[in-house]
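Listed below are the residues making up each chain.
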Amino acid sequence: MYIYKAEEYIPQGLSLSVFRERCKRQMPAHSHDFIEIVYVEQGQALQYVADRSYTVRRGDLLFINCGSEHRFVPQDEFTYINICLLPDLIGRRVSNPRGAFDLLTLTAFEELQAEQGSEGLVVFRGRERQSMEMLLSDMLEEYRSGLPDRHTVLESYIRIIIARILRKLLPQPTGTPSGDALWRDLFAYIDRNLDRKLTLAALAKICFYNPAYFGRMFRETFHMTLPEYIEQERLALAARLLKETSLKTEEIAARCGFGDRTVLYRTFTRVYGCTPADYRAGTGTQMQQEPARVHLPFSSASDKL
């Protein structure tokens, strides 16, 4: 499977590219290291994303994340506008803090619910479609112009497009602070993936944030670093498994994302003041209860462990 690189499609000095394609032949399976937004202008095609397939036509928009395998088969002459953008552009330009996780859900095709019931699609019809096509046409013209500071204008266009995608699919729930929604989703994601590699860079990437900015935002909000939070949640889970199960420490280490028994023992002893074996037996002399955990401004999934 071919992997398209950003340098092949996005000119140096820009954070995105825009182009119109007319295609009559099948596009083989591929992925890319940039985000792709595809808007169908004319014709119809079968779109395949991972193990799903569905029909796209004029007015349909696809948000395809980095690394997502996909292909399409035109059913007639197929015309679409393609926007290729660098992932960190979204983190730098979308000011709404909830936007990062809203955009993450756009890549989870099985979870999307378009108004017409087509999973994985953002559907524009009627006046909405007319407005979107005018916006994309203006954006394409700006990209081709080569005028000074066009990058600033293009990034303004992409902010509007993203806002319309979010407005269409994910209206803000009333009475829910957007910042709380961002962190609630982050903590839930970490809670579900404690056994996997969770780095600041990886979490920032899936949230479409610059890692340095994302880490600083977390630290300023919770007065601890993101790696420190992940460590404390892994230790809390390990402590529970030690007390409530008879699992071997090797398996507990794997379930909690410590890699091996040695790392679990070293980390657990440093924070809890006793070895996992002593903690399980209740003979630890320095600490018999969990250290204080970060205070959350809401109830998170991790509180239910």
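Preceding this section is the structure that the text describes.
The sections below set out a description of the structure shown in this document. (Residues numbered from 1 in each chain as written. Predicted model: local features only at pLDDT ≥ 70, side-chain atom pairs only at ≥ 80, totals over all residues. Heavy atoms only, no water.)

**Here we look at the overall build of the protein**
- Looking only at helices and strands, the protein has 12 helices and 10 strands in total.
- By residue count, 48% of the 305 residues in the protein fall in the buried class.
- Within the protein, residue pairs in contact and separated by at least 24 positions form 70% of the contacts whose partners lie at least 6 positions apart.
- Roughly 15,500 Å² of accessible area belongs to the protein as shown, and the carbon and sulfur atoms make up 47% of that amount. (Helix = DSSP H or I, 4+ residues; strand = E, 2+ residues; numbered from the N terminus. Buried < 20%, exposed > 50% of the residue type's maximum accessible area, 1.4 Å probe, protein only. Contact = heavy atoms within 4.5 Å. Areas by Shrake-Rupley, 256 points an atom, 1.4 Å probe, with all protein chains shown as cover.)

**Some thoughts on the packing of aromatic side chains**
- Within this structure, the stated rule accounts for 15 aromatic pairs.
- Between the aromatic rings of Y2 and Y4, the centroid separation amounts to 4.7 Å while the plane-to-plane angle is 70°, which identifies the pairing as edge-to-face.
- Taken together, a centroid distance of 6.1 Å and an interplanar angle of 80° make the contact between F187 and F218 edge-to-face. Of the two residues, F187 is situated in helix α6 (residues 178–192) and F218 in helix α8 (residues 211–222); the sequence distance between them amounts to 31 residues.
- Looking at F187, the relative accessible area reads 0%, which means it is buried. (Phe/Tyr/Trp six-rings, centres within 6.5 Å; stacked < 30°, edge-to-face > 60°.)

**Description of unusual backbone geometry**
- Phi at D149 takes a positive value of approximately 60°, unusual for a residue other than glycine.
- Along the chain, D149 turns up in the loop between α4 (126–145) and α5 (150–169).
- In this structure, H223 takes a positive phi of about 60° despite not being glycine.
- In this fold, H223 is placed in the loop between α8 and α9 (226–244).

**Points about the sheet that holds strand β7 (residues 60–64)**
- Sheet architecture is open: five strands sit in the order β2-β9-β4-β7-β10, paired in antiparallel fashion. Only two strands of the sheet have a single partner each, and these edge strands are β2 (16–23) and β10 (122–123).
- Of the strand pairs in this sheet, strand β4 (residues 35–42) and strand β9 (residues 78–85) are connected by seven bridges, and their pairing is antiparallel. Within the sheet, the bridge partner assigned to V40 lies in β9 and is Y80. (Pairing = 2+ DSSP bridges.)

**Some thoughts on the pattern of salt bridges**
- What the rule picks out here adds up to seven salt bridges.
- Across the salt bridge formed by E133 and R58, the nearest N and O atoms sit 2.9 Å from each other. On the criterion of sequence distance, the pair formed by E133 in helix α4 and R58 in the loop between β6 (52–57) and β7 is long-range, its members being 75 residues apart.
- According to the relative accessible area criterion, R58 is partly exposed, its value standing at 37%. (Salt bridge = Lys/Arg side-chain N within 4 Å of Asp/Glu carboxyl O.)

**A short note on the pairing of strand β3 (residues 27–32)**
- Across three bridges, the pairing between strand β1 (residues 2–4) and β3 is parallel. Its bridge partner being in β3, Y2 is matched across the sheet by H30.
- As paired elements, β3 and strand β8 (residues 70–74) share two bridges and run antiparallel to each other. Opposite M27, over in β8, you have F72 as the bridge partner.

**Details of the sheet that holds β1**
- Taken in spatial order, the five strands make up an open sheet running β1-β3-β8-β5-β6, and their pairing is mixed. The open sheet has two edge strands, β1 and β6, and neither has a second partner. Pairwise comparison of adjacent strand axes, ignoring direction, gives a mean angle of 35° for this sheet.
- Note that strand β5 (residues 44–49) and β6 share six bridges and pair antiparallel. Residue pairing in the sheet places A45 in a bridge with V56 of β6. (Axes fitted to C-alpha atoms, helices over the stretch in contact; angles between N-to-C directions.)

**Some remarks on the environment of I230**
- Looking at the element boundaries, I230 is found in helix α9.
- For I230 and C256, which are 26 residues apart along the polypeptide, the C-alpha to C-alpha distance reads 10.0 Å.
- Ignoring anything within four residues of it in the chain, the contact list for I230 reads I190, L194, L198 and L203.

**Here we look at the side chain of T79**
- Its place among the elements puts T79 in strand β9.
- By relative accessible area, T79 is classed as buried at 2%.

**Some remarks on the pairing of β7**
- Most of β7 is tucked away: five of the five residues are buried.
- Pairing analysis gives four bridges linking β4 to β7, with the strands arranged antiparallel. Residue pairing in the sheet places Y39 in a bridge with L61 of β7.
- Pairing of β7 with β10, which is carried by two bridges, proceeds in the antiparallel orientation.

**Thoughts on the nonpolar core**
- Counting residues in each nonpolar core, the largest one holds 49 residues, and the members touching the most others are I83, M139, I158 and I161.
- Take this core: its biggest share by element is seven residues, from α5.
- Look past the residues within four positions of I161 in its chain and what remains in contact with it is I83, M132, L135, L136 and M139.
- Formed by 32 residues, the second largest nonpolar core is a distinct cluster that contains L198, F214, A238 and F268. (Core = buried A, V, L, I, M, F, W, Y, C linked by side-chain atoms within 4.5 Å.)

By themselves these figures say nothing about function.
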